[in-house]
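Coordinate analysis (summary)
The residues making up each chain are set out below.
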Amino acid sequence: MGNAMSDLFDNIVPLDPPFERMAEGAVLLRGAALPFEKDVLAALDEITGQAPFRHMVTPGGFTMSVAMTNCGTAGWVTDRTGYRYDRCDPETGRPWPAMPECFLDLAARSASRAGYPGFRPDACLINRYEPGARLSLHQDKNELDFTNPIVSVSLGLPATFQFGGLKRNDPVKKFPLRHGDVAVWGGPSRLCYHGVLELKEGVHEAVGRMRINLTFRGAL
Ligand code: SIN
Ligand code: FE2
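Residue positions are counted from 1 within each chain, in the order its sequence is given. All chains are assigned letters beginning at A, and all ligands numbers beginning at 1, according to the order in which they are written. A pLDDT threshold of at least 70 governs which residues receive local features in this predicted model, and a stricter bar of 80 or more applies before side-chain atom pairs are shown or counted, although totals over entire chains, interfaces and linings include all residues. To get the side-chain values, all heavy atoms of the structure are used, and hydrogens and water are removed first.

As a reminder, the rule being used: UniProt positions are given in the numbering used here, feature names are shortened, and annotations may be inferred rather than shown by experiment.
The protein chain appears in an unreviewed UniProt entry as Alpha-ketoglutarate-dependent dioxygenase AlkB from Rhizobium miluonense. What the UniProt record of the protein chain gives under Sequence similarities (unreviewed entry) is the line "Belongs to the alkB family." Its UniProt record gives the protein chain a comment under Catalytic activity (unreviewed entry), which states: "a methylated nucleobase within DNA + 2-oxoglutarate + O2 = a nucleobase within DNA + formaldehyde + succinate + CO2".

A look at the coordination of the iron ion (ligand 2)
To be explicit about the condition: Coordinating N, O and S atoms are those within 2.8 Å of the metal (3.2 Å for Na, K and Ca), and as water is not part of the atoms, a site may appear to have fewer donors than expected. Under this scheme a four-donor centre is tetrahedral when all angles range from 85 to 135 degrees, a four-donor centre is square planar and a six-donor centre octahedral when opposite donors are above 155 degrees with the rest from 65 to 115, and any other centre is irregular. The way it works is that DSSP assigns letters per residue, a run of H or I at least four long becomes a helix, a run of E at least two long becomes a strand, and they are numbered from the N terminus. Whether a residue is buried, partly exposed or exposed follows from its accessible area with a 1.4 Å probe, protein chains only, as a fraction of its type maximum: under 20%, in between, or over 50%, in that order.
Here the iron ion (ligand 2) is held by His138 (NE2), Asp140 (OD) and His194 (NE2), and the distances to it run 2.1 to 2.2 Å. Classification of the site at the iron ion (ligand 2) as irregular follows from its four donor atoms and the range of 89 to 174 degrees in their angles at the metal. Summarised as a motif, the one-chain spacing of the donors to the iron ion (ligand 2) is H-x1-D-x53-H. With histidine 138 in strand S7 (residues 135–138) and histidine 194 in strand S12 (residues 194–196), this residue pair connects regions lying 56 residues apart in the sequence. Note on histidine 194: relative accessible area 4%, which makes it buried.

Describing the site of ligand 1
Going by this rule: Neighbouring residues are identified by heavy atoms, a residue being near a molecule or strand if any of them is within 4 Å of it. With residues, only the protein chains shown are counted as cover, and all accessible areas are computed by Shrake-Rupley using a 1.4 Å probe. Side-chain classes are defined by residue name, with Ala, Val, Leu, Ile, Met, Phe, Trp, Tyr, Cys and Pro counting as nonpolar, Asp, Glu, Lys and Arg as charged, and the others, Gly among them, as polar.
Neighbouring residues of ligand 1: Asn127, Tyr129, Leu135, His138, Ser152, His194, Val196, Arg211, Asn213, Thr215 and Arg217. Its free accessible area being 260 Å², ligand 1 has 98% of it covered by the protein chains. Where the shell around ligand 1 is concerned, the elements lending two or more residues are strand S6 (123–129), S7, S12 and strand S13 (211–217). For the shell around ligand 1, the leading source of residues is S13, giving four residues. Partitioned by chemical class, the residues of the shell around ligand 1 number three nonpolar, six polar and two charged.

Describing the sheet that holds strand S2 (residues 26–29)
Under the convention used in this document: One bridge is not enough; two strands pair if DSSP finds at least two bridges between them. Lines are fitted to the C-alpha atoms to define the axes, a helix being fitted only along its stretch in contact, and any angle between axes, read from their N-to-C directions, falls within 0 to 180 degrees.
Here we have seven strands laid out as an open sheet, ordered S1-S2-S11-S8-S13-S6-S3, and antiparallel in their pairing. The sheet terminates laterally at strand S1 (19–23) and strand S3 (67–72), the two strands that pair on one side only. Here the average twist between neighbouring strands, direction ignored, is 20 degrees. As paired elements, strand S8 (residues 150–156) and strand S11 (residues 182–185) share four bridges and run antiparallel to each other. Counted as the bridge partner of valine 153 is valine 182 from S11.

With respect to the packing of aromatic side chains
Any two aromatic rings considered together are summarised by their centre-to-centre distance and by the angle between their planes. For clarity, the threshold we go by: Only the six-membered ring of Trp is used, alongside the rings of Phe and Tyr, when aromatic pairs are assigned; centres must lie within 6.5 Å, and planes under 30 degrees apart are stacked while those over 60 apart are edge-to-face, with the rest tilted. By definition here, charges over rings are those cases where NZ of Lys or CZ of Arg is within 6 Å of the ring centre and within 35 degrees of the ring normal.
In this structure the tally under the stated criterion is five aromatic pairs. With centroids separated by 5.8 Å and ring planes inclined at 85 degrees, the aromatic side chains of phenylalanine 103 and phenylalanine 216 adopt a geometry described as edge-to-face. One end of the pair, phenylalanine 103, is in helix H3 (residues 101–113); the other, phenylalanine 216, is in strand S13, with 113 residues separating them in the sequence. Summarising the burial analysis for this pair, phenylalanine 103 and phenylalanine 216 share the class buried. Arranged with centres 5.7 Å apart and planes meeting at 70 degrees, the rings of phenylalanine 163 and tryptophan 185 form a pair that is edge-to-face. Pair noted here: phenylalanine 163 is in strand S9 (residues 159–163) and tryptophan 185 is in strand S11, with a separation of 22 residues, a long-range link. Among the aromatic side chains, those forming a connected cluster through ring pairs are Phe161, Phe163 and Trp185. One residue, arginine 211, lies across the ring of tyrosine 129, its end atom 4.9 Å from the ring centre.

What follows is the structure, given as structure tokens:
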């Protein structure tokens, strides 16, 4: 930042931590989930007690290295027949656990800080990465309506996020994601390719030997 700019900002007390721009319409809110940490981790235990993490199978027949579960009205699932949102957990036949209030608050607050006011997600995909797990470049496009942003919360071990463009071969930028960081993408970047590089070995003091990611969507 130039000197004139830093002099200017020296006199401003920010209400929220600064945010980093990933692309047009896409931002990283560093530490935005930290005030919600305790409530979110407690709610996660409840959810995964009712709908345990499982390794789903892609339509092509590969077992995903990331283990997943969901909460909310709809949950993202994959099996040999394809990707879809389902109101019920295919493992139990029961509806997914309800979206906790602290999840809704965190998602709505993050979206509005990123310039997307009024976000009320109906789906939260919960991803668990153990060391060695990765998620290859993909678009989030199983949702009915792309006017809602994606809000993506990182907890636990750090990871490297790849954020590209609207075409698979567009160049990707890499961003470190740490415990408490929230990435939000919508508008012109809603369909950008993104992925997570292989998780490195480690143990996080609050979360253990894993990274948890909450991805909030308006699915239905
Ligand atoms: C996802 O794209 O569903 C997950 C992204 C992440 O784990 O940060
Ligand atoms: Fe995604």
